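Topology and contacts: notes
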Amino acid sequence: MIVFGATSDISQAFIAKVIEKEGNKYPKIYLVTSRRDATERLAKHLEVKYNQASEIIVFDITKDSDYSVFDSVHSDLLFCAIGFLGKNSQEGLYDAVNTEAVIAINYARLIPLINYFVQQFEQQKSGTIIGLSSVAGLRGRQSNFIYGSAKAGFLVYLDGLRNYLYHKGVHVITVIPGFMDTKMTEGLPLPKPLTASPKQAANIIYNAYRFKYNKVYISGIWRYIMMIINLIPETVFKKIKL
Amino acid sequence: MMTKMNKQKIANWGKFPVIETDMIASSDFDQLRKIIAESHTIIARGNGHSYGDNSLNKEKIFSTLKLNKFISFDKQNGIFECESGVLLADVLAVIVPEGFFLPVTPGTKLITVGGAIGSNVHGKNNHSEGCFCDYVLSFSIMVETGDIKTCSPSENSELFWNTVGGMGLTGIILTAKFTLKRIETAYIRQRVLKAKNLEEIFNYFETFKNWTYSVAWIDCLQRGETIGRSILTIGEHATQAELPVKKANQPLHLKNKLKFAVPFDFPSFILNTFTVKAFNFFYYFKQIKREIENITDYDAFFYPLDAINNWNRIYGKNGFIQYQFIIPANFGKEGMSNVLQTIADSRQGSFLAVLKLYKASKEEAHNSFPIDGYSLALDFKINKQLPALIKKLDNIVERYNGRIYLAKDAMSKKSLLDYVKTPETGKFNSVQHERINGETN
Ligand SMILES: Cc1cc2nc3c(=O)[nH]c(=O)nc-3n(C[C@H](O)[C@H](O)[C@H](O)COP(=O)(O)OP(=O)(O)OC[C@H]3O[C@@H](n4cnc5c(N)ncnc54)[C@H](O)[C@@H]3O)c2cc1C
């Protein structure tokens with residue numbers, strides 16, 4: 001198993017879920033991260049709690065582009081939880097550095113990285129690639145549409161990738177979280193009934209993986225919320241403050 | 001789609017008091033440093049399985065639940081190290097199959113290691129093996145300045161002992177290292193004995209002092225002859241030879257059990273004196289024999305309540321308090337019968353009342369609840385008459401030089417609580433601490 005954004009709460013919960021369900025099926029879990037310290041804590045944890053070996057690969061998506069660090073990284077499961085919320089529109093719209101970072105991390109620099117592995121999956125003709133997008137990518141809203149547009153690009157990428165890899169025996173899962181109680185949203189007030197814990201998210205994603213679903217919302221209620229939001233005519237939507 | 005900054009409602013296990021506050025969790029120490037610096041006052045909260053207001057703060061609560069990593073497990077020497085938000089349940093899941101057990105455990109495994117230190121918890125082996133922190137080798141704690149200090153009985157020992165049972169008032173514990181106990185099996189050999197009154201149960205505690213684990217369930221609604229009617233349970237870790245063949249094959253592995261859940265807050269009329277009386281009656285008489293001896297697994301022995309999710313809902317939405325006091329052994333019988341009489345007179349039934357013999361903690365552990373004596377813990381539903389009853393009970397406990405357990409307390413008087421003395425930083429503060437200090441008596 002290869003995990004991008006290994007220290008994210010959702011990655012940690014997903015790793016735990018996979019091990020709890022399937023035991024030490026993967027001789028080694030590859031933890032791809034930009035933060036060695038925090039990831040070392042995770043690697044130790046996996047070893048002590050689950051007797052699970054792992055390898056840390058430090059790769060900072062904002063600046064690294066030498067993929068040779070992945071030369072020995074092979075698996076049939078790729079979990080991608082890389083994401084960066086950045087500042088909201090009010091604070092960040094005219095902040096070019098922030099805007100570039102949001103686009104780079106959520107889309108521009110992420111796609112080539114995943115593509116590097118797509119090649120591998122295509123050759124091995126099996127496996128699963130799981131990518132985390134966001135409900136923000138389903139309709140642009142005034143408060144965070146830069147992030148939303150990058151996630152929208154990622155959504156479409158995953159659609160296309162699924163279609164492309166279907167013919168090669170590789171399955172692609174698009175995960176669409178709504179509000180999540182994770183590091184990314186730390187400090188943001190979220191309405192409780194709509195907010196999923198990393199553990200709940202991991203359960204949903206694991207099921208999608210087991211049963212080869214194409215797209216899953218976290219949690220399910222977001223499918224309906226977004227259905228309604230997408231039904232609002234643009235002439236009305238543009239006037240709403242969301 | 002983000003809403004305006006709105007505070008969330010938080011309460012601990014007894015659902016009383018409920019406060020509005022900002023609660024934040026993080027696994028990142030740098031982030032935590034920032035949170036501490038930016039807060040006026042703050043308190044650590046583990047799994048919120050204290051009953052009252054000790055891990056609550058109206059400005060900011062730092063939830064340790066994301067400090068959930070294991071660090072090391074030395075299987076040769078039985079030493080375990082993890083971050084402070086790890087649940088005892090998670091520790092057990094890993095250590096039991098390797099032939100180890102927690103040196104001390106409270107009546108629920110759904111608490112964190114940080115909470116075990118903050119309250120310096122005790123269990124059924126308090127009289128024989130002391131409190132949790134007797135087995136803590138060291139911990140690291142982030143203090144007001146954001147520095148991380150390593151503490152042990154020999155290094156930063158003052159901070160160590162102020163933190164042990166210090167109810168979170170010294171800082172935020174990040175990691176802890178403690179020793180484990182070796183076991184041959186995941187089972188307990190238990191004996192269950194009926195005692196017809198207070199006299200008999202006190203004699204039992206004396207007689208069975210040498211057993212590692214002991215606790216009694218007591219029926220608080222009896223008066224006169226049968227006051228103190230109770231059931232004593234004592235136990236030892238079973239050896240492999242003591243197990244029936246079927247269990248002896250895999251002595252350290254338990255089957256997963258079904259869990260039950262209380263799906264919603266019970267309406268308040270469900271629990272009244274009548275139902276509690278009936279429950280207590282059946283509990284006492286379901287055991288027909290005066291004495292049983294058998295083998296049970298550790299979950300059933302230590303954590304019977306954990307098998308029912310959210311059992312605290314049976315007390316309804318207004319919540320309840322658990323009143324746990326201890327009085328010195330020489331006043332034991334007299335004090336207990338006084339308290340039991342007062343409770344029976346009040347007709348405020350308590351479902352669960354637990355009586356236990358305690359041993360004083362060592363002197364350095366000055367914030368710890370146990371003294372040489374007897375402790376009783378019972379639940380009361382919150383209602384209008386309760387504060388008056390608590391006042392009455394507090395006065396009795398005070399008369400016998402007793403004290404109240406801060407991990408349960410939500411409304412007792414200062415003089416019973418201020419054995420916990422920890423230098424004030426001003427930064428780490430709780431609703432409980434403010435309540436106790438604000439009181440002028
Ligand atoms: C069913 C049940 C049975 C129980 N039985 C027993 C028993 O037999 N014996 C017993 O002793 N207790 C018992 N308790 C009480 C419980 O064990 C204690 O209240 C324990 O402290 C709860 O731990 P927690 O992780 O939930 O922490 P919390 O309740 O959230 O916090 C407890 C205290 O520790 C502090 N704290 C928590 N984490 C940290 C940290 N990382 N750094 C610094 N301070 C911290 C908090 O500020 C607070 O003051 C029982 C509780 C329940 C619900």
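This structure is a prediction, so every number in the text was calculated from the model and none was measured.

1. Some remarks on the overall build of chain B
A count of helices and strands for chain B gives 12 helices and 21 strands. Computed over C-alpha atoms, the radius of gyration of chain B comes to 21 Å, within 12% of the 22 Å expected from 2.2 N^0.38 for 441 residues, which places it in the range of a compact globule. Within chain B, buried positions represent 59% of all 441 residues. Pairs at least 24 residues apart make up 74% of the contacts formed inside chain B by residues separated by at least 6 positions.

2. Observations concerning the sheet that holds strand β9 (residues 148-151) of chain B
The strand order across the open sheet formed by five strands is β5-β6-β10-β8-β9 (chain B), and the pairing between neighbours is antiparallel. The two strands at the open ends of the sheet, each matched to only one other strand, are β5 (70-74) and β9 of chain B. The mean angle between the axes of side-by-side strands here comes to 10°, regardless of whether they run parallel or antiparallel. For strand β8 (residues 136-142) of chain B and β9 of chain B, the ladder comprises four bridges, and the chain directions are antiparallel. Across the sheet, the residue bridging to Phe139 of chain B is Cys151 of chain B, located in β9 of chain B. Along the sheet, helix α2 (residues 36-50) of chain A contacts β5 and β6 (79-83) of chain B; its crossing angle with β5 of chain B, the most-contacted strand, is approximately 40°.

3. Looking at the sheet that holds strand β9 (residues 215-218) of chain A
All names here are of chain A. The strand order across the open sheet formed by seven strands is β3-β2-β1-β4-β5-β6-β9, and the pairing between neighbours is parallel. The sheet terminates laterally at β3 (54-58) and β9, the two strands that pair on one side only. Between one strand axis and the next, the sheet turns through 15° on average, direction left out of account.

4. Re the site of the ligand
All names here are of chain B. Near the ligand, the surroundings consist of 34 residues, among which Ala44, His49, Ser50, Thr112 and Tyr405 are the closest. One of the backbone N or O atoms of Ile173 is found 2.8 Å from a nitrogen atom in the ligand. Coverage of the ligand by the protein amounts to 96% of the 970 Å² it exposes when considered alone. Mapped onto the shell around the ligand, the elements with two or more residues apiece are β3 (43-45), α3 (113-118) and β10 (172-179).

5. Notes on the pattern of salt bridges
Where charged atoms from two side chains of opposite charge approach closely, those side chains can pair. Inspection of the entire model under this criterion finds 31 salt bridges over all chains. The partner of Glu40 of chain A in a salt bridge is Arg36 of chain A, with the nearest N and O atoms 3.6 Å apart. Separated by four residues within a single helix, Glu40 of chain A and Arg36 of chain A lie in helix α2, roughly one turn from each other. According to the relative accessible area criterion, Glu40 of chain A is partly exposed, its value standing at 39%. Across the salt bridge formed by Asp22 of chain B and Lys60 of chain B, the nearest N and O atoms sit 3.5 Å from each other.

6. Focus: the confidence of the model for chain B
Mean pLDDT for chain B: 92, with 96% of residues reaching 70 or above. Listed scores for the predicted complex are pTM 0.93 and ipTM 0.89.

7. Let's talk about the packing of helix α5 (residues 110-124) of chain A against helix α6 (residues 145-166) of chain A
The geometry of a pair of packed helices is captured by two quantities: the angle between their axes and the separation between those axes. Residues and elements named next belong to chain A. With their axes 12 Å apart at the nearest point, α5 and α6 run at an angle of 10° to one another. Between α5 and α6, the angle is such that the two are roughly parallel. Contacts between α5 and α6 involve Leu110, Ile111, Ile114, Asn115, Val118 and Glu122 from the former and Phe154, Tyr157, Leu161, Tyr164 and Leu165 from the latter.

8. Side note on a nonpolar patch on the surface
Residue and element names in this part refer to chain A. Judged by side-chain polarity, Tyr224, Met227 and Ile228 come together as a nonpolar surface patch covering roughly 340 Å² of accessible area. Among the structural elements, Tyr224 can be located in helix α8 (residues 221-231). Assessed through its relative accessible area of 47%, Tyr224 is described here as partly exposed.

9. A word on unusual backbone geometry
Cis geometry is found at the peptide bond from Phe16 of chain B to Pro17 of chain B, where omega equals -5°. Turning to its location among the elements, Pro17 of chain B is positioned in the loop between β1 (8-10) and β2 (19-25). Non-glycine residue Lys125 of chain A carries a positive phi angle of around 60°. Its place among the elements puts Lys125 of chain A in the loop between α5 and β5 (128-132). Residue class for Lys125 of chain A comes out exposed when judged on its relative accessible area of 58%. The phi angle at Asn401 of chain B is positive, at roughly 60°, despite the residue not being glycine. Secondary-structure assignment places Asn401 of chain B in the loop between α11 (386-399) and β21 (403-404). Taking relative accessible area as the criterion, Asn401 of chain B reaches 56% and is therefore assigned exposed.

10. Quick look at the side chain of Ser119 of chain B
Residue and element names in this part refer to chain B. Structurally, Ser119 is set in the loop between α3 and α4 (126-129). Judged by its relative accessible area of 8%, Ser119 is buried. The contacts of Ser119, once residues within four sequence positions are left out, are Ser50, Asn54, Gly165, Met167, Tyr405 and Ala407.

11. Quick word on the state of the cysteines
All names here are of chain B. Counted under the stated rule, the structure contains zero disulfides over all chains. For the unlinked cysteine Cys133, the closest cysteine sulfur is that of Cys131, found at 7.6 Å. A residue is classified by how much of its surface remains accessible, and Cys133, at 3% relative accessible area, is buried. The closest cysteine sulfur to the non-disulfide-bonded Cys151 is located on Cys133, 12 Å from its own sulfur.

Conventions we followed
- Residues numbered from 1 in each chain as written.
- Chains lettered and ligands numbered in written order.
- Predicted model: local features only at pLDDT ≥ 70, side-chain atom pairs only at ≥ 80, totals over all residues.
- Heavy atoms only, no water.
- Helix = DSSP H or I, 4+ residues; strand = E, 2+ residues; numbered from the N terminus.
- Rg over C-alpha atoms; globule rule 2.2 N^0.38 Å.
- Buried < 20%, exposed > 50% of the residue type's maximum accessible area, 1.4 Å probe, protein only.
- Contact = heavy atoms within 4.5 Å.
- Pairing = 2+ DSSP bridges.
- Axes fitted to C-alpha atoms, helices over the stretch in contact; angles between N-to-C directions.
- Near = heavy atom within 4 Å.
- Polar contact = N/O pair within 3.5 Å; in protein donor to acceptor, adjacent residues only side chain to side chain.
- Areas by Shrake-Rupley, 256 points an atom, 1.4 Å probe, with all protein chains shown as cover.
- Salt bridge = Lys/Arg side-chain N within 4 Å of Asp/Glu carboxyl O.
- pLDDT = per-residue confidence, 0-100.
- Parallel < 35°, antiparallel > 145°, perpendicular 65-115°, else oblique.
- Patch = residues over 30% accessible without salt bridge, like charges linked within 9 Å, V, L, I, M, F, W, Y side chains within 5 Å.
- Disulfide = S-S within 2.5 Å.

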